[in-house]
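# Close look at the chain arrangement
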Amino acid sequence: MDKPLDIVILGGGTAGWMAAAALSALLPAGRRRMRLVESDEIGIVGVGEATLPHIKNFNDSIGIDEADMMRATNATFKLGIHFVDWGFKGSSYIHPFGVHGSAQAGLGFHQQWRRSLDAGRDWDIQDFSFACVAANANRFDFPAVGKSTVNSTYSYAYHFDASLYAQYLRRFVEARGVQRIEGKVRDVEQDPDTGDIRALVLESGERIAGQFFIDCSGFRSLLLAGRFGTGWDDWSKWLPCDRAMPVPTERCGDLTPYTRVIAMNAGWRWRIPLQHRTGNGYVFSSRFIDEDKARAELLNSLGEPLLAEPRMLKFQAGRRVHSWARNCVALGLSSGFLEPLESTSIYLIQIAIMHLLELIPTKGHDQRLVDEFNLRMDLEYERIRDFLILHYHLNSREDTELWRYCAAMDVPDSLRRRIGLFRHSGIVEQYRHGLFTPPSWLSVYLGQGLTPEHYSPLADAAPLNRALKDLDEIREDIRDRVDEMPKHASFVARYAGAPQVDDRHLHEAEVRL
Ligand SMILES: Cc1cc2nc3c(=O)[nH]c(=O)nc-3n(C[C@H](O)[C@H](O)[C@H](O)COP(=O)(O)OP(=O)(O)OC[C@H]3O[C@@H](n4cnc5c(N)ncnc54)[C@H](O)[C@@H]3O)c2cc1C
């Protein structure tokens, strides 16, 4: 057996602690030695409150107890994302974590739905999604497991306090013997022949030597960009937002089991319900609005008392041209940034960790592993990029400059091809690597107002009356089952109520656990 790999993680934000948690839980102790360096003085970005269902697999795989984690992070459940005013002013749709209807003989369900339009029905596709109907009713329950019933056709994620999640992972990791070193990195030592990193040098003079380095230093990208000079792919011509102004407010009103994202004059704002407060923020483009006006627009739109003053974060959409160089791999913000419209950043950290675990070197540098990792991450980033652009490009708002620019802009060829296929007859591409399966693309195409010109001829294989009856039954079945679910607020309070939450907020009495 090879000797243990000496791993040094730089950074203790979500990326650093997720990497430390996964590696300490899944890489046998005899195969690694691990230390994590972070600076309290620098701190973490501390936003990132909405997740995707994959996070549950991550937590499960490393042995985190769901209810315990939710209690510690003031978490709530999330069934999808509610888009308001995106396709046009007054429009509204949910991108759910789940399918619409059920796949029929290899043919997408939406083909029968599209056929129903030609037959004179005006059924809303969302009424065929269990997750959409439950979200709109503010209800939550766990999906049925091992069944083919309609309440098994969705999954869920969490809204949580990102700083508390990082602290939770830290406790988890330290309990597994990983050493945390407090200090600011002042210098980086490299091998003069190969360029491999040999050690981080702290301001105190302490030297942290290692064989493999994980750069989780956030937007600074101290190792990948700072040391290896890895270039940046700028995607801002397609994703022009470059500022975010987060601001927490008091928790008021219903605890919704979804993130809400509302289109604004020069971007969009988010609303994320946690047990103890609501996370809000305005993501906007400084090309189309100045910071003072953006601040005023945000504050005017919030109906709840502020818990702090808005902060300002600057970014550029894009990514490092590769994430792994020599003996250093970058995770999280140090490897790229895509705006949080579809809550993809924590997913990107998670998937990068999973690829890393499969491709982890046994000792020194091996270019085959590096190339494979970078190839996989290219696909991950580019597919998310295209999916985000889709939301901006398919709009008919015309009321402000940002929306007119996005509707008129040239999009990447990969996205133009996909939109063309869907526009023709609802063809949704299924790919092997990368986030967002056909139900997600379908929700956004339709939600943004793109209805296919035709339906697939294969749909006519089923008699029309029969197909319409089946559709109607699915809608009814979903409605009936959703009516039996507990209210989301009650479910959270019973299953994972955080100790400091005032029960008066949990005004929905119905509890059926
Ligand atoms: C406005 C906004 C909203 C977001 N919303 C979401 C969301 O809803 N969902 C989602 O999935 N993601 C979201 N994200 C992204 C998410 O916040 C990040 O992906 C996540 O927090 C990971 O950050 P990180 O660990 O890479 O960096 P950071 O949190 O910045 O951590 C960097 C670490 O590096 C350390 N460090 C840096 N330099 C040094 C040094 N010289 N010496 C020692 N230590 C150093 C710091 O101390 C810190 O510990 C959002 C991002 C922004 C900006």
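Residues numbered from 1 in each chain as written. Predicted model: local features only at pLDDT ≥ 70, side-chain atom pairs only at ≥ 80, totals over all residues. Heavy atoms only, no water.

It is worth spelling out a negative patch on the surface at this point. Together, Glu476, Asp480, Asp483 and Glu484 make up a region of like negative charge exposed at the surface. Checked against the element boundaries, Asp480 lands in helix α13 (residues 464-483). (Patch = residues over 30% accessible without salt bridge, like charges linked within 9 Å, V, L, I, M, F, W, Y side chains within 5 Å. Areas by Shrake-Rupley, 256 points an atom, 1.4 Å probe, with all protein chains shown as cover. Salt bridge = Lys/Arg side-chain N within 4 Å of Asp/Glu carboxyl O. Lys, Arg positive; Asp, Glu negative; His and termini not counted. Charge placed at Lys NZ, Arg CZ, Asp CG, Glu CD. Helix = DSSP H or I, 4+ residues; strand = E, 2+ residues; numbered from the N terminus.)

Mapped onto the elements, Arg227 comes out in the loop between β11 (212-215) and β12 (232-234). Judged by its relative accessible area of 35%, Arg227 is partly exposed. With sequence-adjacent residues up to four places away left out, Arg227 is seen in contact with Asp187, Val188, Gln190 and Leu222. A distance of 3.4 Å separates the side chain of Arg227 from the side chain of Gln190, its partner in a polar contact. (Buried < 20%, exposed > 50% of the residue type's maximum accessible area, 1.4 Å probe, protein only. Contact = heavy atoms within 4.5 Å. Polar contact = N/O pair within 3.5 Å; in protein donor to acceptor, adjacent residues only side chain to side chain.)

Take the sheet that holds strand β9 (residues 197-202) next. Pairing is antiparallel across the open sheet formed by three strands, whose spatial order is β8-β9-β10. For this open sheet the edge positions go to β8 (185-190) and β10 (207-209), each flanked by a neighbour on one side alone. The average angle at which neighbouring strand axes cross in this sheet is 20°, direction not considered. Note: β8 against β9, five bridges, orientation antiparallel. For Glu189, the partnering residue across the bridge sits in β9 and is Ala199. (Pairing = 2+ DSSP bridges. Axes fitted to C-alpha atoms, helices over the stretch in contact; angles between N-to-C directions.)

The six strands are arranged β7-β2-β1-β11-β20-β19 in an open sheet whose pairing can be described as mixed. Strands at the two margins of the open sheet, each flanked by one partner only, are β7 (179-182) and β19 (324-325). Examined bridge by bridge, β19 and strand β20 (residues 328-330) share two bridges and lie antiparallel to one another. Its bridge partner being in β20, Ala325 is matched across the sheet by Cys328.

Here we come to unusual backbone geometry. Of note, Asp85 is a non-glycine position whose phi angle comes to about 65°, a positive value. With respect to the element layout, Asp85 can be found in the loop between β4 (80-84) and β5 (92-96). Phi is positive for Ser343, which is not a glycine, with a value near 50°. Summarising the element assignment, Ser343 is placed in the loop between β21 (336-337) and α8 (345-359). The exposure class assigned to Ser343 is buried, which follows from its relative accessible area of 6%.

Considering the arrangement of structural elements, one finds Thr256 in the loop between β13 (243-250) and β14 (259-264). What makes Thr256 buried here is its relative accessible area of 8%. Look past the residues within four positions of Thr256 in its chain and what remains in contact with it is Phe77, Asn138, His159, Pro273 and His488.

Take helix α1 (residues 14-26) next. For α1, which comprises 13 residues, the first-to-last C-alpha distance of 18 Å matches the rise-based estimate of 18 Å (1.5 Å per residue) to within 8%. Taken across its 13 residues, α1 has eleven buried, putting it largely inside the fold. Listed in full, the buried residues belonging to α1 are Thr14, Ala15, Gly16, Trp17, Met18, Ala19, Ala20, Ala21, Ala22, Leu23 and Ser24. (Expected span 1.5 Å × (residues − 1).)

In this model, the protein carries an average pLDDT of 93, and 96% of its residues clear a pLDDT of 70 or more. This stretch, residues 502-513, has a pLDDT under 50; its non-local contacts, to residues over four places away or in other chains, come to 25 contacts. (pLDDT = per-residue confidence, 0-100.)

It is worth spelling out the pattern of salt bridges at this point. Opposite charge on two side chains permits them to pair, given that their charged atoms come into close proximity. For the coordinates displayed, the defined rule picks out 36 salt bridges. A salt bridge links Asp242 to Arg243, with the nearest nitrogen and oxygen atoms 3.6 Å apart. For Arg243, a relative accessible area of 14% corresponds to the buried category. A salt bridge links Arg418 to Glu429; the shortest N-O distance between them is 2.8 Å. Of this pair, Arg418 sits in helix α11 (residues 413-425) while Glu429 sits in the loop between α11 and α12 (438-447), and the two are eleven residues apart along the sequence. Of the residues examined, Arg418 reaches a relative accessible area of 5% and is grouped as buried.

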